[in-house]
Number of protein chains: 2
Amino acid sequence: MNQDYIKPDNWSIIEEGFDVERVKSSESLFSIGNGAMGQRANFEETYTGPTFQGSYIAGVYYPDKTRVGWWKNGYPEYFAKVLNAPNWIGIDVEVNGEKLDLHQCKSVTNFRRELNMKEGWYQRSFTAVLANGTEIEVKATRFLSLDLDEVGAIRYKVTPINQEAKVVFTPYLDAGITNEDTNWDDKFWDTYDLSHNGNTAYILSKTMKTEFHVCTGMLNQLFVANEQVDASPKAETSGTSVRLSYEAQVAKGQSTHLVKFGGYTVSLNHKNEDLVSASATVLKQASESGFDALLDLQKKAWSKIWEMADIVIEGDVKAQQGIRFNIFQLNQTYLGKDPRLNIGPKGFTGEKYGGSTYWDTEAYCLPFYMATKDQMVARNLLTYRYHHLNKAIENAEKLGFTNGAALYPMVTMNGEECHNEWEITFEEIHRNGAMTFAIYNYVRYTGDYSYIPEKGLEVMIGVARFWHQRATFSEEKEKYVILGVTGPNEYENNINNNWYTNYLAKWCIEYCIENLNKVKGEYAVDYKRIIEATNLHQEEIDGMLKVAEHMYFPYSEKHQVFLQQDGFLDKELITVSNLDASQRPINQYWSWDRILRSPYIKQADTLQGMYMFEDKFTKEEMAKHFDFYEPYTVHESSLSPCVHSIIAAYLDRMDQAYTFYLRTSRLDLDDYNKEVEEGLHITSMAGTWMSIVEGFGGLRIKEDKLSFTPRIPKEWKGYTFNVNFRNQILKVSVSQEGTSFTLEGNQELTICVGGKEFTISPDSLITV
Amino acid sequence: MNQDYIKPDNWSIIEEGFDVERVKSSESLFSIGNGAMGQRANFEETYTGPTFQGSYIAGVYYPDKTRVGWWKNGYPEYFAKVLNAPNWIGIDVEVNGEKLDLHQCKSVTNFRRELNMKEGWYQRSFTAVLANGTEIEVKATRFLSLDLDEVGAIRYKVTPINQEAKVVFTPYLDAGITNEDTNWDDKFWDTYDLSHNGNTAYILSKTMKTEFHVCTGMLNQLFVANEQVDASPKAETSGTSVRLSYEAQVAKGQSTHLVKFGGYTVSLNHKNEDLVSASATVLKQASESGFDALLDLQKKAWSKIWEMADIVIEGDVKAQQGIRFNIFQLNQTYLGKDPRLNIGPKGFTGEKYGGSTYWDTEAYCLPFYMATKDQMVARNLLTYRYHHLNKAIENAEKLGFTNGAALYPMVTMNGEECHNEWEITFEEIHRNGAMTFAIYNYVRYTGDYSYIPEKGLEVMIGVARFWHQRATFSEEKEKYVILGVTGPNEYENNINNNWYTNYLAKWCIEYCIENLNKVKGEYAVDYKRIIEATNLHQEEIDGMLKVAEHMYFPYSEKHQVFLQQDGFLDKELITVSNLDASQRPINQYWSWDRILRSPYIKQADTLQGMYMFEDKFTKEEMAKHFDFYEPYTVHESSLSPCVHSIIAAYLDRMDQAYTFYLRTSRLDLDDYNKEVEEGLHITSMAGTWMSIVEGFGGLRIKEDKLSFTPRIPKEWKGYTFNVNFRNQILKVSVSQEGTSFTLEGNQELTICVGGKEFTISPDSLITV
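Each chain carries its own residue numbering, running from 1 in the written order of its sequence. Just so you know, chain letters begin at A and ligand numbers begin at 1, following the order they were written in. Selection of residues for local features in this predicted model requires a pLDDT of at least 70, selection of side-chain atom pairs for listing and counting requires 80 or more, and totals for whole chains, interfaces and linings are taken over all residues. Side-chain calculation: all heavy atoms of the structure are included, whereas hydrogens and water are not.

### Concerning the side chain of Lys373(A)
All names here are of chain A.
Here is step 1: Structurally, Lys 373 is set in the loop between α5 (360–372) and α6 (375–387).
Here is step 2: Buried Lys 373, no salt bridge; nearest opposite-charge side chain is Asp 374, N-O distance 11 Å.
Here is step 3: Note on contacts: a residue pair is in contact if any heavy atoms of the two residues lie within 4.5 Å. Discounting chain neighbours no more than four positions away, the residues touching Lys 373 are Ile 305, Met 308, Asn 331, Leu 335 and Asn 724. Counting from the N terminus, the helices are DSSP H or I runs at least four residues long and the strands are E runs at least two residues long. Throughout this description, buried means an accessible area under 20% of the type-specific maximum (1.4 Å probe, protein chains only), exposed means over 50%, and partly exposed covers the range between. The convention is simple: Lys and Arg are positive, Asp and Glu are negative, and His and the chain ends are not counted. We define a salt bridge as a side-chain nitrogen of Lys or Arg found within 4 Å of a carboxyl oxygen belonging to Asp or Glu.

Spelled out as structure tokens, the structure:
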């Protein structure tokens, strides 16, 4: 736990003081990204202490050869990994002949980092006494431009304070990088061209196997006492790096700074042969604007993001900082402009988990992006899966399914499965249901039904076919059963009749056929195309519906709850509160078999389903299930507390809801799991947003209308959030006294608050 | 399948003709061993075609760092691997300046291999025309001495047949070897001294990490026209090898041969500093006897083994060859002299599976060694596990068990678990029951109760404690349940209430307490020592008995069978005969999840338990279970058909019994699984022996007496086997007409045949 280390602030993440042990954690926390690229908060200058260097480009990956102990048929050959990209931020700094390295300085004082979330920049400043006695002040400011998303900018300023100094800046590009998590120490990059010209330099590299070509470029400007000087840098190239050296002689107290523009142009967006000229163009554009002007654009761009996405919390600065950190990081990771991209579990802040796409996107991130962005963004997230439908069909074929059944991968970059643990890869198939649910959720929220005939129905048919084939008939139970699965609770493997999976399977089939009929009636041309493409016959439809109708659900009469799976009641039902604290988290202290036979639930499982299909259950049923399962839930997944928080709020148990909320909102800032140095938990951040908007705010879509049941934790004075609903922005302010709504748009909106309907006019305020 | 490739012969394995594609398979089939070391049938001379070089020393292993895709708490750090040892068989041969290499010769004719099982030697002969036109005949004979088990001998004879020839033999030692199955390409051996003197040479190497020191030595003799000549070889050493060169000029039709004695002395048996002198001593002893005299001793030693272990089959030469091959290979692998050794699944014929010890030893091999060797051998096998008791307790502690509960490893070399698949390592815990069952089986067969107070009871207490702690109480069932296990059928993982496991657990507890009471009454001193060592209290005993008494067993009233596990009847119960043949074996064609949710049984599971505890069930119950489970059994483990064969025989279904027998007896000779090149299935060979002796012969121990229910397949004229029973040898001959018994011993023996008692006098024959 890192509690109280990060300074409380409404808009910034602030670290004060230099602690070698915390460098790697802070590199994660102060990460920056612009949706197209991102990087850990590594120092620009040489640092010989423990560090985890990371710079990443969206969509650029490497298929690392699978490493397993015991091969199982069906495992993928490769694990697609987020790829550490060439370093463009490096600036070696020499002062009076001595290299600046915070790990070697006589002293480092006034060390401070600030990540300004409101404006989208990161700054580091400190005073250092070098071994040669020169004392300097350094201030380095950096951002990745939202406007020019192939460019980042650094202003690195040095001021000698006890004597005059010769300062040598050596900005460089280095493509000789590796991944921390390589399986076989493969070389991931091949560097094939280096060039420099005046203040610019470029490196052309391509990834092995996948052959993504990347031009890493830089353009530098030298300033002495804030005046740009015409510098002729000395250039030096090695096999994989280019270095330019700039000398400045400055008096005591006088400052010099280097502005470095750098970044990547990538073959995803340019022809290979145009990469250098594209880089030159964009760097020139940035440098002609200049650092300050580009930063002004950055502030404006972030201001626009916040306008839609911000949540204001009054009376609790740590909660405020926490929620903004979550919203900020989500926006740094994914902006929804490009349907080829998705939301990696670590974003651009680390390499763990590889891949870019988990069911997290559909289950947790989609609601955030639907409510805080133009609906095109959510549509792009759905389209990503539509583009992967053929791969999902291939994936199912590898597991023995036929006739267009689709199984979406557990982890993927390009649609192919890349995970390799049989109990997850082959058995955590509930993920497939999330694809259909996301479509339903999107249409319900946006009202954009057109997505279904255009793209969604084909996905839904592939998914329904999978469930149809995957369920088998039990003569014993005279019902359809789904054997050998892993539910959302990964602390159970290879179980039979996971209620969540069975429920989702039944629902996916029914929703698919319901929409098939609707499309048949209302979109005849699309229907014809889809039927031809999928070759779906009535006999198969009848078979699907039979499975849905006769699906088995494990139920306990005694407890009046659906059982998480067959045999759940055979476990030793000792609640978490009766578990020795020294055994927590159990995933660190217990062997896997012990975890599996325990009743402990890693993340919401049955409750995940009841959350998703709240309307199908009474409040009493929800309470019964919550009371039954919550005592066994250890929340050892970052995706767990948010769902419990939302349900607790729904059940008017605000204290509990608030406790769960706290656990999710500052997970990384307070480093609950002592692992933040590996990167941030990006996708779970969307869960934090949901805890407030769906949990406290009680946002639902009911009968095509926005509905709210606002509640407020007693610890807060008030909170405000915005939602984009069908191209109008509704601002919702909840205080201990009541809730007010303001509409920014051009037509009336009828909403439901606490069960009653209200109609709001544009630019007016109503209070309930 | 390899059917009909090996020539049928009563006593030898014979290959005729040279087939590059078969070299690796034949290297396995013609392997030789003497219990202390063993080797694949690699060519002595250079061979540049596909080959799998392997020479192994009993008890010498390397802990290879674990390689897994996804780490689970409790996994061992290392996997102990059978270690490829320095090569001492190599003899480069040059004829008229041309190197002999069967992969490069103009022609190879008359190629023949023979493994003479009666006498324990291996011979290879061929005629080759070299690229330079010289035609030669070669005959190479080799054996690993049973008398001097640190020595092997080779006689390598060359006869030029179309012209005179200068023949240069270069025998060498080479310690620059690797394992085929290294996880991280580690170097396993460190060679630290090489020396040579006249006709001898030595290499000292030690294994990395485990620091086994090994001296690999050789002593050569050159003969021309069968006369030993005084040769002064030229010596050459490199970093890891020593080569001695011998020249002989021979006339056309005249032969020359090299006799090479070689082998290992090992720090398991000598002090490190004595290894070279020990090697020198034993090589001198061998060479002074000479090749032929040593070979005569070999024949005598094997004759003694066969006296006790042979099974003669009349009227079916392939069955005869098959059963002798199994008996021969078991004896090559393990002779029971050293309680530190055990029976590796591949013996000395390959590297697959690593480790040396599986539950195969207790469940399959023990009966063979009890009946065909002095009872000390079986006692050594039990003692091996007694010595590992503390490691088994540590192993259980790693999984959260306490208070002296012991979990014997799935795979081991030194008692530590070295397997790393959670569903096996942590869950295939029925292996623990086999430890207690083996003690019971030993005492039942030998009458040597003393083993229990001396050593056995402590093992049984550790095992019983494990079951006590591992079972948990189900409030739902009001019974003790055992959740999350893998049974003998590894095509089910993480199942609940595997009948076999639950049954064995209950029995282990009851048998332990029964013996505890007996030891208390009859061995007071031992009892005191054991109670002090184990700190076993009445309360714990009561707890154990409660678990045993209230153990849950899944049962189907409808089918009147115990169910393999909870939920077995929910599966799609399509019999194997209705499975598309193109899908077999399913482990090659189906993904793991599909296998797991299918009803298909890899190897006897419920039936394994009914086989072990036959007396507890009626014949009708056995038949019901056999009829229920056999149709779903795919026998994709080499350990499966033997149990089904024995039960089928017991049920008087001899045609079926014979079919299963055939499948096990020539598994390797006919290469059913197309994998014999990886090595032989040593431990399953004991199952083949059981199929005849327990299956067809119907041998059981009933009320402390040998009991038989002889049956004979209609394809055979007769068969004869010997069993050592309490230090007398009983020869049993079964023909279509009746059964005769001859006793070699010094006291009367009362046996039971077909339910009736007969008393046999020593050296007399009775016919029933």
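### Some remarks on the interface of chain A and chain B
Here is step 1: Counting residues at the interface gives 45 residues for chain A and 45 residues for chain B.
Here is step 2: Of the roughly 4,100 Å² buried between chain A and chain B, counting both surfaces, carbon and sulfur atoms make up 51%.
Here is step 3: Together, Trp70(A), Asp570(A) and Arg597(A) form the three largest contributors to the area buried by chain A at its contact with chain B, with a combined 19%.
Here is step 4: Inspection of the region where chain A meets chain B yields 6 salt bridges.
Here is step 5: Glu423(B) is the salt-bridge partner of Lys72(A), the closest N and O atoms lying 3.2 Å from each other.
Here is step 6: Contacts described as polar in this section are N or O atom pairs within 3.5 Å, which, within protein, must combine one atom able to donate a hydrogen with one able to accept it, while residues neighboring in sequence count only if both atoms come from side chains. At the boundary of chain A with chain B, the tally comes to 16 residue pairs in polar contact (both at pLDDT 80 or more).
Here is step 7: Mapped by element, the contributors of at least two residues to the side of chain A that touches chain B are α8 (422–425), β21 (472–474), α14 (586–589) and α15 (592–597) of chain A.
Here is step 8: With 5 residues, α15(A) is the single largest residue contributor to the side of chain A that touches chain B. Summed over both partners, the accessible surface that disappears when two parts come together, traced with a 1.4 Å probe, is what is meant by buried area.

### With respect to the pattern of salt bridges
Residue and element names in this part refer to chain A.
Here is step 1: Counted under the stated rule, the structure contains 97 salt bridges over all chains.
Here is step 2: For Lys 391, the salt bridge is made with Glu 416, and the minimal N-O distance between the two is 3.7 Å. Note that Lys 391 is positioned in helix α7 (residues 389–398) and Glu 416 in the loop between α7 and α8, a separation of 25 residues in sequence.
Here is step 3: Residue classification places Lys 391 among the partly exposed positions, given a relative accessible area of 27%.
Here is step 4: Salt bridges sharing partners connect three or more residues here, namely Glu 44, Glu 45, Arg 124 and Arg 142.

### With respect to the pairing of strand β4 (residues 55–65) of chain A
Residue and element names in this part refer to chain A.
Here is step 1: Among the 11 residues in β4, 9 count as buried, and that is most of the element.
Here is step 2: Here, any two strands with at least 2 DSSP bridges between them count as paired. With 3 bridges joining them, strand β3 (residues 37–39) and β4 adopt antiparallel strand pairing. By the bridge assignment for β4, Gly 38 is matched with Tyr 56.
Here is step 3: Alignment of β4 against strand β5 (residues 78–84), held across 6 bridges, turns out to be antiparallel. Bridging across to β5, Tyr 56 finds its partner in Asn 84.

### What about the relation of the copies chain A and chain B?
One copy of the chain maps onto the other through a rotation about an axis plus a displacement along that axis.
Here is step 1: Superposition of chain A onto chain B requires a rotation of 180 degrees combined with a translation of 0.1 Å along the rotation axis, giving an RMSD of 0.0 Å. Look at the turn and shift together and you get a two-fold axis relating the two. The position closest to the rotation axis in chain A is occupied by the C-alpha of Val68(A), lying 2.3 Å away.
Here is step 2: Here 100% of the interface residues in chain A have copies in chain B that are interface residues too; the copies meet face to matching face. C-alpha atoms of residues with pLDDT of at least 70 in both copies form the basis for the least-squares superposition of the copies.

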